[in-house]
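# Coordinate analysis (summary)
One-letter residues, chain by chain:
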Amino acid sequence: MVVIKRFNSTVSKLPTISSTLILSRNPIITRELPAFEQQYYNYQNELWKRLMWTFPKWYYYRDGTLGDQRFKELNKPPVFNNPKLEYTEGRPDIKQLRDRRFKQVINLPKSYKQAEDGSEIVDEEIQDNLSRKINPNSRITKADESKDLSSLERQLSKTLYLIINENGWKLPTFKSDTQTPLHKVAEEGLFNIGGEEINYFNVSSKPCHHIKGSDQIEFFIKSHILSGSFKPKNLKFLWVTKDELSEYLNEDYYKQIKHLLNE
Amino acid sequence: MFKQFVRFKSISNTNASTQKVVNQLSALSASRKQPKLIKLSAQDLIKHQTIQNAWKLYSDKLARENRKMLKEQYESIYNAMEELKQFPELFEAAKDDVKAPFPLEMRIPTDFPPNQPWIYNYEK
Amino acid sequence: MNRIRLFSTTTSLCRAGYSTVEPVHHLVPIRKSALKPGYKELLIPKDDIRSVGYKPKNIQHDRVNDYYENQLKSDLMLRLYEHDSETVIGSKLRPWETDSPYKLYRRARKPKGFYRPQKDIKPVTFKNVPELTSISINLYSKEALEESWVNISTRLQIAQITNAKPKRIYNKSNVLPWKVRQGKPCGCKVELVEEDMTQFLSTLTELVLPRIRTFKGISKKSGDKNGNITFGLNPDDIKFFPEIENFQDLYPNLFGFHITFKTSARTDDQARLLLSSLGLPFN
């Protein structure tokens, strides 16, 4: 049996187009290093310290100064090479107050007052002082602890992507005509649903990807949110990582856009 | 007249500023500052080489994956632009100004977050 | 005369007294002293741990490089992509016509508008996204011409800032009014790659440049048309480097220097885009 296809019109109709915004929040802190990478860096770092030149103490702490005195209190000189003695762990090879066989460990005077056990004595007056002890902030934020998926402060070490709930979770998609540039459509659409208080950077006016349906084409526009917040009215939204995105999006759809997304 | 023969200079009569330059030179130079070579036993050498080989394999794998992803992204852009040719006005609009710089707010990630991880109050 | 051939030789022994073939002398002088076994360890490649010059690489996680590889590369590729673009051939040396025998062995003409043949500008693909290849620091000091000890301070300053040992530079020509004499040391230079480069770049963009009040950004006119951007720092700006800042009494005289960002970008616009993405402002 032969099937003959008949076309209704000879002029092919242009497909409808839509512009999808991949709005991402770039990582704020460095990624979590895998154990192997961390171990390798530690190993190389120890080799590097072992092969370092001797610290020119005489240059930074000149003899007879107060700094020199404090330096000497913190750093005991290495074991002296006495020719009359036998050393069980090899003969010391001292030059410039360093045993050349080992890495040099230097304790520097602290810029803040220290208690006996090493903890800092907190002085109210010097809280804004540059000489205070620096305590790095935690890499895990409150949003991580409360599992607030709509917060921009979660998963600081990963890229977050905006998804909204319109009859199911999806990336924000906007209908486009054939006149307005794609990135303008995406920008207007974003401001319409999320308010204008978003500082965002459109990487390019070129689409980075497209998905072709039977009578419609979806173009993807890539951009990063820099500051401000996405505050929609009556619209559910989430900021999710690449891994989490696979749970929310349609499986086929996710496979098609997977290579555009960063960890 | 006998000239007195001086074998050593007892005290160097360098002034403070000269001494500063001498110190600078000694801080810069490698003399008396270099450690001993690392003498590895045959077993340790093999261990070291294994570590380096493992790192090479690992970093090569990462680089290959990155490159593959970048290639896929490139092909995506190419296909999307080919598709966009159907709409001449949109195609014309999809051109970038190379001179427009990246914003300075895009920061290189740090090891620890700032006091305020995200700035919420932004006004146009 | 013995005409009988021996078992050990193939030629008869009645050869003439001398050879007509010129003896071969070594034209390349061979320094046999350099081949002595004591120097053997100098031949080990420097990335081998047994080598004298071994310096461990990858001593810590390189966050700048990581950011470039994972984030910026794809953004830059998207931004610099041009559809249906073709290689722009740079102007090359022009051969002479063949109409006259006098033109036969003439040297080729200079390219149009340039002294040297220009490189081709290839379209940006996933293979050639612009990247920062090295940072070159060049310090020229007039004071070092008058007082040679000044060049010690310049080198120490650069070594402290960059974690690399600088090389001395020497005057190439004689200019008497400027006290420039050929072969006189006049500053130092250093080329930073890989970790030292990214470390220097992040120090510059995060600690130094934001604190220089007069700094408005790198000039947009800077560039050598080949994707290398240069700018300079004044002696006053150097004190913001953390290595210098806390020991200002040790560095009584500071020296400004030029910093050149060498990139694999083919045009200056691309190079500027790359540097702006790495956090360097332009005005």
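Predicted model only: the values in this text are computed from it and were never measured.

With respect to the element layout, glutamine 157 of chain C can be found in helix α3 (residues 150-162). Residue glutamine 157 of chain C is classed as buried on the basis of its relative accessible area of 1%.

Let's shift gears to the domain arrangement of chain A. Once the domains are mapped, chain A shows domain 1 (16-29 + 140-260) and domain 2 (35-126). Spacing between the C-alpha centres of domain 1 of chain A and domain 2 of chain A amounts to 51 Å.

A contiguous nonpolar surface patch, about 310 Å² in accessible area, is contributed by Tyr39, Leu42 and Val52 of chain C. Judged by its relative accessible area of 47%, valine 52 of chain C falls in the partly exposed class.

Below, the discussion takes up the sheet that holds strand β3 (residues 185-192) of chain C. Residue and element names in this part refer to chain C. Spatially, β2-β3-β1-β5-β4 is the arrangement adopted by the five strands of the open sheet, whose pairing is antiparallel. Both edges of this open sheet fall to β2 (167-170) and β4 (228-233), since each of them pairs with a single strand only. Taking the axes of each pair of neighbouring strands and ignoring which way they run, one obtains an average angle of 25° across the sheet. The sheet contact formed by β4 and strand β5 (residues 257-263) spans six bridges and is antiparallel. Paired with asparagine 228 across the strands is lysine 262, a residue of β5. Against the sheet, helix α4 (residues 194-208) touches β1 (132-140), β3, β4 and β5, its axis set at about 70° to β1.

Moving on, we get to the interface of chain B and chain A. Each partner contributes residues to the interface: chain B has 57 residues there, and chain A has 74 residues. Buried surface at the junction of chain B and chain A, both sides included, amounts to about 6000 Å², of which 63% is carbon and sulfur. Our count for the chain B to chain A interface comes out at 31 residue pairs in polar contact (both at pLDDT 80 or more). At the level of secondary structure, the elements contributing two or more residues to the side of chain B that touches chain A comprise α1 (16-28), α2 (42-84) and α3 (88-93) of chain B. Looking at which element gives the most residues to the side of chain B that touches chain A, the answer is α2 of chain B, with 17 residues. Residues that form the side of chain B that touches chain A fall into these classes: 33 nonpolar, 13 polar and eleven charged.

Time to look at helix α1 (residues 35-50) of chain A. For α1 of chain A, which comprises 16 residues, the first-to-last C-alpha distance of 23 Å matches the rise-based estimate of 22 Å (1.5 Å per residue) to within 8%. Of the residues making up α1 of chain A, those classed as buried are Glu37, Tyr40, Tyr41, Gln44, Asn45, Leu47 and Arg50 of chain A. If you follow the buried residues of α1 of chain A, they end up packed against β3 (98-99) of chain A together with α2 of chain B.

Cut-offs used in this document
- Here the residue index of a chain counts from 1 through its sequence in written order.
- Going through the entries in the order they are written, you letter the chains from A and number the ligands from 1.
- With pLDDT at 70 or above as the cut-off, local features in this predicted model cover only qualifying residues; side-chain atom pairs require 80 or more to be listed or tallied, and sums for whole chains, interfaces and linings still use all residues.
- Working from all heavy atoms in the structure, the side-chain values ignore hydrogens and water.
- Secondary structure elements are taken from DSSP: a helix is a run of H or I of four residues or more, a strand is a run of E of two residues or more, and numbering for both begins at the N terminus.
- Exposure classes here rest on a 1.4 Å probe applied to the protein chains alone. A residue is buried below 20% of its type maximum, exposed above 50%, and partly exposed in between.
- Note that the domain bounds reflect an automated or database-derived domain assignment.
- Residues enter a patch when their relative accessible area is above 30% and they make no salt bridge; the linking distance is 9 Å between like charges and 5 Å between nonpolar side chains (Val, Leu, Ile, Met, Phe, Trp, Tyr).
- Calculation of accessible area relied on Shrake-Rupley with a 1.4 Å probe; when residues are assessed, cover is drawn exclusively from the protein chains displayed.
- Salt-bridge detection follows one rule: a side-chain nitrogen of Lys or Arg within 4 Å of a carboxyl oxygen of Asp or Glu.
- Note on pairing: two strands pair once DSSP finds at least 2 bridges between them.
- Lines fitted to the C-alpha atoms define the axes, with helices restricted to the stretch that makes contact. Angles between their N-to-C directions range from 0 to 180 degrees.
- Note on contacts: a residue pair is in contact if any heavy atoms of the two residues lie within 4.5 Å.
- Values labelled buried area give the accessible surface lost by two parts on being combined, using a 1.4 Å probe and summing over both.
- Any pair of nitrogen or oxygen atoms within 3.5 Å is treated as a polar contact; in protein, a donor-acceptor pairing is required on top of that, and neighbouring residues in sequence qualify only through side-chain atoms on both sides.
- In the scheme used here, Gly and all other residues not listed as nonpolar or charged are polar, with Ala, Val, Leu, Ile, Met, Phe, Trp, Tyr, Cys and Pro taken as nonpolar and Asp, Glu, Lys and Arg as charged.
- To estimate how far a helix should extend, the number of its residues minus one is multiplied by 1.5 Å.

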